[in-house]
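# Reading the structure
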Amino acid sequence: MGLIQSVKMALRSIQGNKLRAFLTMLGIIIGVSSVIVLISIGQGSSEQVTNQINQLGTNLLTVNVMNSDSVKLTTDDVEKIRDIPGVKEIAPVVSGRVNVKNGTTSAQVSLIGTTSSYQAVRDVQANQGRFLSDIDVAYRQKIVVLGANTAQTLFGLDNPVGKYVQVEGTSFKVVGVLASKGGSLGQSGDDVIIMPLSTAQRLVKNTSIQTVYIQGKNAEQVNFVMAQVERTLARMFPNTEDSYSVFNQQDLMETMSSVTNTMTLMLGGIAGISLLVGGIGIMNIMLVSVSERTKEIGIRKAIGAKRKDILLQFLIESVVLSALGGVIGVGLGFIIGKVLATAMGLSISYSTSVSLISFLFSLFVGVVFGVFPANKAAKLDPIQALRYE
Amino acid sequence: MAAPIIQIENMTKTYTLGGEVVHALRGVSLQIEKGDFLAIIGPSGSGKSTFMNMIGCLDRPDSGSYILDGKEIEKMKDNELATIRNEKIGFVFQNFHLLAKLTALENVELPLLYRGVKVKERKKIAYECLEKVGLKDRAHHLPNQLSGGQQQRVAIARALVGSPPILLADEPTGALDSKTSKEIIQIMKQLNEQGHTIILITHDWEVANEAKRIVRIQDGQLFEERGDFVGTYSIR
């Protein structure tokens, strides 16, 4: 008997019992779609993190001061770092959390106090207006550049450039709005305001710099520059190696991607288990189907169906069920992913290989869990089966 | 004269039922010529069903030989038996045994399906067979949309579709009223006239008397009742 014929026959028998077939497939549908959704979310966020880090360039070094009591990094210290050979540009940052107000609307945002070089080092673009300039820093200008989200929260669709906002009660003029950068792992890069370093130091009442972004001249020299920076810092602040850290983008990227990969793997594993459970559901229904159709099997055997024919019939039926469930699951997974992406602002990355693998796995589940019931059907004695009521 | 189409020698079969050994067949021998119309008659528990399963190649004997159309059946494996059933025997059952979810036409097609015949040819032959039993206009009805007599005629068409040398009917009229029974028997007689070998298993003398030859089975043994005789017999 031909394969196409068998598939047609299986489809007919599934059609004859639509609700049951659907419920059986539901296990596979949920399994496949959750594998796809969870893995695309995991991969999406991992890709986004990698992208963001890559955007900054691989020649970026970051100095983070964790304990500002023992390491007071001043503007002069930072200038010394700039003199290290191989350093192209540096951007010192003073940061904090501040309250920003426009009339009655207010928002809690991260404050970044920095210099004009921040734009080049961190690769940020002003969407409207301009970025900070050297003269703003020198004259302690009370101006701010708003992150994309901050601007939207405070001003809605209006153009904020030229207007004033209250930062911790002091009036600041908005000179620009940054282009949106997106966020990752719960941290938004758009909920910020940026102001001149000198102004920020006064605002947060702290002159010590917490972060310095260092741009190397080229990617090859990054490790050399990193060693130089570490040595300079060690000379400036002896015996305080634990109070600050120097790292490059490569390290950061590796850490981040190992975290997100573990997450992705875990999510995929959990979803995979639900696929397995779906497979057991298929086996269950197929066993019921075999005993329900004992007489049919007897008739088919009496008129000349071989053991192989019966085995194939039931096996194909379970494979068709699981394949159908797999296809629906893949479709549903894509849809749910899209909905989640738009509704919750998650970044989603579909991968063909994951869809294919989860579909093939559902087929495999159909075969594995279909063999036992199909074999049971094929082994039935025709005389007994015919007599069965 | 050509070799008989069925040659059974000294066939025995025993099975255990609830711990009791039942000798269903005790050395049965039977020869059936091509073109014969044979009725096997016997009360229930006589070994009639077992004998039918043997002739129908659904089961294998414990001992003895069975040659069907030149093939030794008793040594065959399950799969070979399935092929024999498909090619050599057309079954007609008491309860019709049609597949409820398939239309009349599809039911008739089934034996050809397992034989691997192509769709077009399959449909053509199936239609021809339905026409033979006068049900061409009911080809796309489901079995539950047909009367008992019509269902049995579909079953006969299914038995004929593979043009097997033997038609094996197990109580074909058992579930039908006397009028439709007569119709079914009439169809069988016609088929016999067209050259089909028919084996009819029944417990009803009236039905059996329509056959050319009657054998009686009792307590696992076979007795020749009548060769070419027209008359009424009663069970002694």
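Residues numbered from 1 in each chain as written. Chains lettered and ligands numbered in written order. Predicted model: local features only at pLDDT ≥ 70, side-chain atom pairs only at ≥ 80, totals over all residues.

The next thing to look at is the overall build of chain B. The helix and strand inventory of chain B stands at 7 helices and 10 strands. Its C-alpha atoms give chain B a radius of gyration of 18 Å, within 12% of the compact-globule value 18 Å for 236 residues. Residue burial in chain B is summarised as follows: out of 236 residues, 46% are buried. Partitioning the contacts of chain B with sequence separation of at least 6, the portion at a separation of at least 24 is 69%. (Helix = DSSP H or I, 4+ residues; strand = E, 2+ residues; numbered from the N terminus. Rg over C-alpha atoms; globule rule 2.2 N^0.38 Å. Buried ≥ 20, exposed ≤ 12 C-beta atoms within 10 Å, placed from the backbone. Contact = placed C-beta atoms within 7 Å.)

Broken down by element type, chain A carries 13 helices and 12 strands. Against the compact-globule benchmark of 21 Å for 389 residues, chain A has a radius of gyration of 32 Å, which places it well outside the compact range. In terms of overall dimensions, chain A has C-alpha extents of about 100 × 50 × 30 Å along its principal axes. Among the 389 residues that make up chain A, the fraction classed as buried is 42%. Put simply, 83% of the contacts in chain A that link residues at least 6 apart link residues at least 24 apart.

This part takes up the sheet that holds strand E1 (residues 6-17) of chain B. All names here are of chain B. Spatially, the 4 strands line up as an open sheet ordered E2-E1-E4-E5, and their pairing is antiparallel. Edge positions in the sheet fall to strand E2 (20-32) and strand E5 (71-72), since each has one partner strand and no second. Two strands pair when backbone bridges link them, and strand E4 (residues 63-68) and E5 are joined in this way by 2 bridges, in the antiparallel orientation. Following the sheet pairing, Ile67 is matched in E5 by Glu72. (Pairing = 2+ DSSP bridges.)

Residue and element names in this part refer to chain A. With respect to the helices and strands, the residue Phe172 is situated in strand E7 (residues 170-178). Using a count of 21 C-beta atoms within 10 Å as the deciding quantity, one classes Phe172 as buried. Distance from Phe172 to Ile143, taken between C-alpha atoms, is 5.0 Å for residues 29 residues apart in sequence. Those residues in contact with Phe172 that lie beyond four places of it in its chain are Lys142, Ile143, Val144, Tyr164, Val165, Val167 and Met195.

For the rest of this paragraph, the subject is the pairing of strand E6 (residues 164-167) of chain A. Residue and element names in this part refer to chain A. Of the two faces of E6, only one is covered, namely that formed by Val165 and Val167; the face formed by Tyr164 and Gln166 stays uncovered. With 2 bridges connecting them, strand E2 (residues 87-102) and E6 associate as antiparallel partners. Bridging from a neighbouring strand, Lys101 pairs with Gln166 of E6. By the bridge criterion, 4 bridges tie E6 to E7 in an arrangement that is antiparallel. Across the sheet, the residue bridging to Val167 is Thr170, located in E7. Here E6 hands over to E7 after 2 residues, with Glu168 in that stretch at a positive phi of 50°.

Right, let's get into the UniProt feature "domain: ABC3 transporter permease C-terminal" (unreviewed entry) in chain A. Following the UniProt record, the feature "domain: ABC3 transporter permease C-terminal" (unreviewed entry) maps to residues 270-382 of chain A here. Between the first and last C-alpha atoms of residues 270-382 of chain A the distance is 43 Å; the span itself is 87% helix and 0% strand. (UniProt positions renumbered as here; feature names shortened; annotations may be inferred.)

Tallying the contact residues gives 20 residues for chain B and 18 residues for chain A. At the level of elements, helix H2 (78-88) and helix H3 (104-115) of chain B are the ones that each hand at least two residues to the side of chain B that touches chain A. Looking at the side of chain B that touches chain A, the element that brings in the most residues is H2 of chain B, giving 6 residues. In the side of chain B that touches chain A, the residues fall into 8 nonpolar, 6 polar and 6 charged. (Nonpolar A, V, L, I, M, F, W, Y, C, P; charged D, E, K, R; others polar.)

Our next topic: the confidence of the model for chain B. Residue and element names in this part refer to chain B. Mean pLDDT over chain B: 87, with 94% of residues reaching 70 or higher. Note that pLDDT drops below 50 for residues 228-236; the model gives that stretch 5 contacts with residues more than four away or on any other chain. Taken together, the chains of this predicted complex give a pTM of 0.72 and an interface ipTM of 0.89. (pLDDT = per-residue confidence, 0-100.)

Attention now moves to the domain arrangement of chain A. The domain boundaries assigned to chain A delineate domain 1 (3-52 + 255-387) and domain 2 (72-236). The distance between the C-alpha centroids of domain 1 of chain A and domain 2 of chain A comes to 52 Å. (Domains from an automatic or database assignment.)

The next thing to look at is the nonpolar core. Judged by nonpolar contacts, the single largest core of 117 residues is most densely connected at Ala157, Ile199 and Leu200 of chain B. Excluding residues that lie within four positions of it along the chain, Leu200 of chain B makes contacts with Leu38, Ala39, Ala169, Met188, Val207 and Ala211 of chain B. Among the nonpolar cores identified, the runner-up in size contains 50 residues, and Val109, Ala151, Val175 and Leu233 of chain A belong to it. (Core = buried A, V, L, I, M, F, W, Y, C linked by C-beta atoms within 7 Å.)

Buried within H2 of chain B we find Leu81, Ala82, Arg85, Asn86 and Lys88 of chain B. The inward-facing, buried residues of H2 of chain B contact helix H10 (294-302) of chain A together with E4, strand E6 (89-92), H3 and strand E7 (166-170) of chain B.

What follows is about the packing of helix H1 (residues 3-15) of chain A against helix H11 (residues 307-344) of chain A. Residues and elements named next belong to chain A. In the contact formed by H1 and H11, the axes pass within 9 Å of each other and the chain directions differ by 65°. When the axes of H1 and H11 are compared, the pair comes out roughly perpendicular. Between H1 and H11 lies a crossing of right-handed hand. On the side of H1, the interface is formed by Ser6, Val7, Met9, Ala10, Leu11, Ser13 and Ile14, while H11 contributes Leu312, Gln313, Ile316, Glu317, Val320 and Leu321. Grouping the constituent residues of the contact of H1 with H11 by class yields 9 nonpolar, 3 polar and 1 charged. (Axes fitted to C-alpha atoms, helices over the stretch in contact; angles between N-to-C directions. Parallel < 35°, antiparallel > 145°, perpendicular 65-115°, else oblique. Left-handed = near helix turned anticlockwise from the far one by under 90°.)

Okay, the pairing of strand E3 (residues 105-114) of chain A next. Residue and element names in this part refer to chain A. Looking at chain direction, E2 and E3 are connected through 9 bridges and run antiparallel. What sits directly across from Asn102, in E3, is Thr105. Between E2 and E3, which pair antiparallel one after the other, the connecting turn spans 2 residues, and Gly103 there sits at a positive phi close to 65°.

It is worth spelling out unusual backbone geometry at this point. Residue and element names in this part refer to chain B. Of note, the phi angle at Asp69 is positive, near 50°, even though the residue is not glycine. Note on placement: Asp69 falls in the loop between E4 and E5. Under the C-beta neighbour-count criterion, Asp69 is labelled partly exposed, with 19 such atoms within 10 Å. Unlike most non-glycine residues, Asp219 shows phi in positive territory, near 50°. Mapped onto the secondary structure, Asp219 falls in the loop between strand E9 (213-218) and strand E10 (221-226).

Turning next to the environment of Leu312 of chain A. Within the secondary structure, Leu312 of chain A sits in helix H11. Judged by local crowding, Leu312 of chain A falls into the buried class, with 22 C-beta atoms found within 10 Å.

In this section: the environment of Gly298 of chain A. Residues and elements named next belong to chain A. Examined against the element boundaries, Gly298 turns out to sit in helix H10. Each C-alpha atom of the pair Gly298 and Pro382 lies 4.6 Å from the other, and the pair is 84 residues apart in sequence. Residues contacting Gly298, with those up to four places away along its chain left out, are Leu380, Pro382, Ala385, Leu386 and Tyr388.

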